[in-house]
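Coordinate inspection notes
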Amino acid sequence: MAAYPPVSGKPVFRFAPSPNGRLHLGHALSALTNAALAQRFGGRLLLRIEDIDLGRCRPDYIDGILADLDWLGIRFEQPVRRQSEHFDDYAGALASLQKQGLVYPCFCSRQEIKTAVAAREGEVGGTWPVDPDGAPLYPGSCKRLDEARTAGRVAAGEPHVLRLDMMRAAALIGDGAGYELFDGEGRRRFVLAHPARWGDVVLARRDVPTSYHLAVVVDDALQGVTHVVRGKDLEAATDIHVVLQRLLGLPTPLYHFHELLIDEDGRKLAKSRSSQSLAELRARGFSAAAIRQRLGFA
Ligand code: GLU
């Protein structure tokens, strides 16, 4: 991996959308919060397109994101980093984790995981734990496989994902790892990370050769990001990011998690539920000033 850029002395913020749909009000809130905090702290503002999932991301969505941000009046430094152009950087980070003996191949299908979880629930006589996103923790079936046989299956091209051995990773970095939260006044508060609650997360798949977690920590370091501002839905995932930063020898930025916008049904806005996009609001006659005002950035 290339060395990170020299510290300019200025704080560095970034907005990092995934181009798998049009931006909605929640993204506008995130981008505007980044812009406002960057301005308040005299920082730089970067844009990163998180398009590692080539099956779901589309070039026209990237054009849409750029147009929406321009319409909102937010200016980002050029050039814009596109993750799909940097798979080598993520492969380098993955290789480093593999060299540390922290990664193992997992051949389980979703159904096999479900079955294994049900079996473990039978054994323990209770419900199997879920991660902060509500998915059952990986029960570890492939962690216990014979190493030579596993290598043979990988060499034979059997489909698999690569998982982080979280227990081993957590033991390696030791107790007390965490990160600092910052608020709009620049106050900081240390938070302990609890990565074990995520279990053995996936770091790479066949169709997507890196994961969000791996790409985000590598890029934040390569781009010299000092202040990460994102929604509360990604707060818990920061525990994984801290572990990866420690294992890869990367700095841990400061973090700020903004509130999420809720729709009429009380659920957070999401592209997957076709929450009204900024493009639609614009077409209905809303001005950028009205959107900014509605989000508290008059
Ligand atoms: N790409 C992520 C998203 O669109 C955000 C990543 C981040 O801010 O760390 O939800």
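Our structure is the block above this text.
Described below are features of the structure shown in this document.

The rules behind the values
Residues numbered from 1 in each chain as written. Predicted model: local features only at pLDDT ≥ 70, side-chain atom pairs only at ≥ 80, totals over all residues. Heavy atoms only, no water. Buried < 20%, exposed > 50% of the residue type's maximum accessible area, 1.4 Å probe, protein only. Helix = DSSP H or I, 4+ residues; strand = E, 2+ residues; numbered from the N terminus. Pairing = 2+ DSSP bridges. Right-handed = clockwise from strand over helix to strand, strands pointing away. Axes fitted to C-alpha atoms, helices over the stretch in contact; angles between N-to-C directions. Expected span 1.5 Å × (residues − 1). Parallel < 35°, antiparallel > 145°, perpendicular 65-115°, else oblique. Contact = heavy atoms within 4.5 Å. Nonpolar A, V, L, I, M, F, W, Y, C, P; charged D, E, K, R; others polar. Core = buried A, V, L, I, M, F, W, Y, C linked by side-chain atoms within 4.5 Å. Polar contact = N/O pair within 3.5 Å; in protein donor to acceptor, adjacent residues only side chain to side chain.

**Let's talk about the pairing of strand β1 (residues 12-15)**
- The alternating pattern of β1 places Val 12 and Arg 14 on one face and Phe 13 and Phe 15 on the opposite face, and all of these are buried.
- Note: β1 against strand β2 (residues 44-49), four bridges, orientation parallel. Its bridge partner being in β2, Phe 15 is matched across the sheet by Leu 47.
- Taken together, β1, helix α1 (residues 25-40) and β2 form a β-α-β motif whose crossover is right-handed.
- Here β1 pairs with strand β9 (residues 227-231) via two bridges, running parallel. Looking at the pairing, Phe 13 lines up with His 227 of β9.

**Describing unusual backbone geometry**
- With an omega dihedral of -5 degrees, the bond running from Gln 78 to Pro 79 counts as a cis peptide bond.
- Relative to the elements of secondary structure, Pro 79 occurs in the loop between α2 (59-72) and β3 (81-82).

**Considerations on the sheet that holds strand β5 (residues 161-164)**
- Strand order across the open sheet formed by three strands is β4-β5-β8, with antiparallel pairing between neighbours. Whereas interior strands pair on both sides, the edge strands pair on one side only; in this sheet they are β4 (103-106) and β8 (202-204). Here the strands of the sheet are splayed against their neighbours by 45 degrees on average, with no regard to which way each runs.
- Sheet topology note: the β4/β5 ladder contains four bridges and is antiparallel. Along β5, the bridge assignment pairs Val 103 with Leu 164.

**Side note on α1**
- Compared with an ideal rise of 1.5 Å per residue, which puts 16 residues at 22 Å, α1 spans 22 Å between its outermost C-alpha atoms and is within 8% of the ideal.
- Counting buried residues along α1, 13 of its 16 residues qualify, which places the element largely inside the surrounding structure.

**Side note on the packing of helix α3 (residues 87-99) against helix α8 (residues 238-248)**
- Contact geometry for α3 and α8: axes closest at 10 Å, N-to-C directions at 80 degrees. Put simply, α3 runs roughly perpendicular to α8. The segment α3 lies against α8, with Ala 93, Ser 96 and Leu 97 engaging Leu 244, Leu 247 and Leu 248.
- Split into classes, the residues belonging to the contact of α3 with α8 amount to five nonpolar, one polar and no charged.

**Things to note about the nonpolar core**
- In this structure, Leu 97, Leu 164, Leu 203, Leu 244 and Leu 247 are the most contacted members of the largest nonpolar core, which totals 44 residues.
- For this core, the leading source of residues is helix α7 (residues 212-222), giving seven residues.
- Formed by 29 residues, the second largest nonpolar core is a distinct cluster that contains Leu 47, Ile 62, Ile 74 and Leu 269.

**Section: the side chain of Asp 220**
- Mapped onto the elements of the fold, Asp 220 is located in helix α7.
- There is a polar contact of 2.9 Å between the side chain of Asp 220 and the side chain of Arg 14.
- Residue contacts for Asp 220: discarding those within four places in its chain leaves Arg 14, Arg 48, Val 225 and Val 228.

Purely geometric numbers; function is a separate question.
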